Amino acid sequence: MHILIDLDDVVIQSSYKDSLGQTVFYWVKNIEKHYGITNKQIQMLANGWPEVMLGKKSLKKHVSEFLYNIHSSVSADDFITVWLNYKNTLNQDVKNWVNFMSNRGHTLYIVTDQENMRPAHIIKQYPKFFKKFKKIYTSADVGFCKSQKKFFLSVLNDLQIKPTEAILIDDNDNNLASAKNIGIKTIKYITGQPLPIF
């Protein structure tokens, strides 16, 4: 079986809910600590982010524009360095599951809505673990987001497999729906709940 698995908040613990129930990314706290740029300001980074995520705009250009708009003297290179150098934490339950499923002979792939720098950096932080994955598919490379069925059609075409030969594990309902729409079996990941063995 070909297992497609999400990166953020599945393989990597990248965010948490604050006291108001809002999602806060750990790297944001690191940026705030280094440069005093607040979570509220960083939310402005989301403006135009889909272009970055789809590989239509460089991360450096987008960050430069964001820093200019908030009147920060921090350089884009410094911002990106601090952002990328935050020590991402592997989800230990998912790590153990991936190791077990890999040993059972399943083929695993990362599928993520990301530009390419951050996933590459995370892989460098845990090179031994990420050798368990045959390939990583980013929205920047594929040209579509996971909420679009064309993302998964492109992945299936690249792997030369049928939808029934793949399973998607993701925590986002929209991503799960687009994969299910083309016949891929889906499993919703919920933090703290064990993934099934097959």
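Residues numbered from 1 in each chain as written. Predicted model: local features only at pLDDT ≥ 70, side-chain atom pairs only at ≥ 80, totals over all residues. Heavy atoms only, no water.

A. Quick look at the sheet that holds strand β8 (residues 166-170). Read from one edge of the open sheet, five strands run β7-β6-β1-β8-β9, paired in parallel fashion. Each edge of the sheet is formed by a strand with only one pairing partner; in this case those strands are β7 (133-138) and β9 (185-188). For this sheet the average axis-to-axis angle between neighbouring strands, irrespective of direction, equals 20°. (Pairing = 2+ DSSP bridges. Helix = DSSP H or I, 4+ residues; strand = E, 2+ residues; numbered from the N terminus. Axes fitted to C-alpha atoms, helices over the stretch in contact; angles between N-to-C directions.)

B. A look at the packing of aromatic side chains. Taken as a whole, this structure holds 11 aromatic pairs when the rule is applied. Taking the centre distance of 6.3 Å and the plane angle of 50° together, the rings of Y109 and Y137 count as tilted. One end of the pair, Y109, is in strand β6 (residues 107-112); the other, Y137, is in strand β7, and 28 residues separate them in sequence. On the basis of relative accessible area, Y109 is assigned to the buried category, the value being 2%. Geometrically, the ring pair formed by F129 and F130 is edge-to-face, given 5.1 Å between the ring centres and 75° between the ring planes. F130 shares its class with F129; the two are buried. Each residue in the set W27, W49, F66, F79 and W83 is aromatic and connected to the rest through ring pairs, giving one cluster. (Phe/Tyr/Trp six-rings, centres within 6.5 Å; stacked < 30°, edge-to-face > 60°. Buried < 20%, exposed > 50% of the residue type's maximum accessible area, 1.4 Å probe, protein only.)

C. A look at the environment of G36. Inspection of the secondary structure assignment puts G36 in the loop between α1 (26-35) and α2 (39-42). A relative accessible area of 49% means that G36 is categorised as partly exposed. Not counting the four nearest positions on each side in its chain, G36 is found in contact with I31 and Q41. (Contact = heavy atoms within 4.5 Å.)

D. Layout of the layout of surface pockets. There is about 920 Å³ of room inside the largest pocket. Forming the walls of the largest pocket are 29 residues, and the residues nearest its centre are D8, F25, W49, D113 and Q114. Mapped by element, the contributors of at least two residues to the lining of the largest pocket are β4 (23-25), α1, α2, α3 (49-53) and α11 (173-181). At three residues, α3 tops the list of elements feeding residues into the lining of the largest pocket. (1 Å grid on protein atoms, 1.4 Å probe; cavity = no way out; pocket = protein on both sides within 12 Å on 5 of 7 lines; lining within 4 Å. Points joined across faces, edges and corners; volume = space filled by probe spheres on them.)

E. Up close: the packing of helix α4 (residues 59-69) against helix α5 (residues 76-84). Contact geometry for α4 and α5: axes closest at 9 Å, N-to-C directions at 110°. The pairing of α4 with α5 is recorded here as roughly perpendicular in orientation. In this structure, α4 meets α5 at a crossing whose hand is right-handed. In this structure, α4 contributes L59, K60, V63, S64, F66 and L67 to the contact, and α5 contributes A76, D77, F79, I80 and W83. In terms of residue class, the contact of α4 with α5 is made up of eight nonpolar, one polar and two charged. (Parallel < 35°, antiparallel > 145°, perpendicular 65-115°, else oblique. Left-handed = near helix turned anticlockwise from the far one by under 90°. Nonpolar A, V, L, I, M, F, W, Y, C, P; charged D, E, K, R; others polar.)

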